[in-house]
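Overview (structure and organization)
Chain by chain, the residues:
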Amino acid sequence: MKPKGVAIALLAQYGVMPLSAFCLAKVFRLSEIAAVVVLICGCSPGGSLSNILALLLQGDMNLSIVMTSCSMILALGMMPLLLLIYCQGFPELQKSVPYLDIMVALVLILIPCGIGILISHYRPQNTKIFKRVSAAIMAVIVVVVSVLVSVGIGGSILTVLSPTFMSISALMPFIGYTFGYVISSIFRLNQSERRTIAIETGCQNVQLCITILKLAFPPATIGPLFLFPMVYASFQLMEAGVLMALLTCYQRFKPKKKGRNTSRFNALHS
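How each quantity is defined
- Residues numbered from 1 in each chain as written.
- Predicted model: local features only at pLDDT ≥ 70, side-chain atom pairs only at ≥ 80, totals over all residues.
- Heavy atoms only, no water.
- 1 Å grid on protein atoms, 1.4 Å probe; cavity = no way out; pocket = protein on both sides within 12 Å on 5 of 7 lines; lining within 4 Å.
- Points joined across faces, edges and corners; volume = space filled by probe spheres on them.
- Helix = DSSP H or I, 4+ residues; strand = E, 2+ residues; numbered from the N terminus.
- Buried < 20%, exposed > 50% of the residue type's maximum accessible area, 1.4 Å probe, protein only.
- Contact = heavy atoms within 4.5 Å.
- Expected span 1.5 Å × (residues − 1).
- Axes fitted to C-alpha atoms, helices over the stretch in contact; angles between N-to-C directions.
- Parallel < 35°, antiparallel > 145°, perpendicular 65-115°, else oblique.
- Left-handed = near helix turned anticlockwise from the far one by under 90°.
- Nonpolar A, V, L, I, M, F, W, Y, C, P; charged D, E, K, R; others polar.

Turning next to the layout of surface pockets. In this structure, the second largest pocket spans a volume of roughly 510 Å³. What lines the second largest pocket is a set of 19 residues, among which Tyr181, Arg195, Leu243, Leu246 and Leu247 lie closest to the centre. Among the secondary structure elements, those contributing two or more residues to the lining of the second largest pocket are helix H7 (163–186), helix H8 (191–202) and helix H11 (228–253). Looking at which element gives the most residues to the lining of the second largest pocket, the answer is H11, with seven residues.

Turning our eyes to something else, we now look at the environment of Gly5. Assignment of secondary structure puts Gly5 in helix H1 (residues 3–27). Judged by its relative accessible area of 2%, Gly5 is buried. Ignoring any residue separated from it by four or fewer positions in sequence, one finds Gly5 in contact with Leu63, Leu189 and Ile197.

Right, let's talk about H7 for a bit. Helix length check: H7, at 24 residues, gives a terminal C-alpha distance of 34 Å against a target of 34 Å (1.5 Å per residue), a fit within 8%. Residues Phe165, Ile168, Ser169, Met172, Pro173, Gly176, Tyr177, Gly180, Ile183 and Ser184 constitute the buried set of H7. Here the buried face of H7 lies against H1, helix H2 (32–43), helix H3 (48–56), H8 and H11. Positive phi shows up at Arg188, right after H7, with a value of about 60°.

The subject of this paragraph is the packing of H3 against helix H4 (residues 61–86). For the pair H3 and H4, the least separation of the axes is 9 Å and the interaxial angle reads 170°. Taken as axis vectors, H3 and H4 run roughly antiparallel relative to one another. Here H3 and H4 pass one another in a crossing that is right-handed. Every residue of H4 that contacts H3 at Ser50, Asn51, Ala54 and Leu55 is listed here: Met61, Ser64, Ile65 and Thr68. Classifying every residue of the contact of H3 with H4 gives four nonpolar, four polar and no charged.

Here you go:
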């Protein structure tokens, strides 16, 4: 794995997605709080889902894992900084974004992630136990949160299923996948690295987005909008599924090289 690949991936992650979120918020003329939600989603680092998708798309797993780790660490500084920069385009947001609360939420989330990375590195024999305990805790949290959301929000969940939010949710990962691949192609990376950077760029850490929105904003302010990352995640997966289907079709129907066929023919008849 070349350092150039990691640098290009980070450039795409923290360059393309925040700018895309900002432009979409402007184009769709979102309200103040809705614009903040979309910007937070766009400024988020990559997550573990991108590693799974990179594997399924036959990407460079070393690059994917390093990219996810680096983007998570850099999020402590980059996420508040990018929010501060892009909120300048929304004068009414400059005083309403709780930067300190967002940083506190990031620290609370990233410290356990750092502990997990250290355990995996220095105590690999304990990794399976750690994963099982974490998965069990996460499952309980998901069930509890889902119940509370269903009871507390009810029909207002339709807010995040409006045509505006659905369009933004569909366009953001598409833009990330496309520009991630284009940028890595410009720098002449190999195909597996291009696919990896495309996925890492378009996939945002949905769990991190939801947690930040829940911790940094009061329920009366955020309302059902904290569910927007889940809508984004669904389009993330659907569009990644389309990419997997296209890759499978390409590999199955691409013409075989004559040189290989000739060498096989000669080997059989020698």
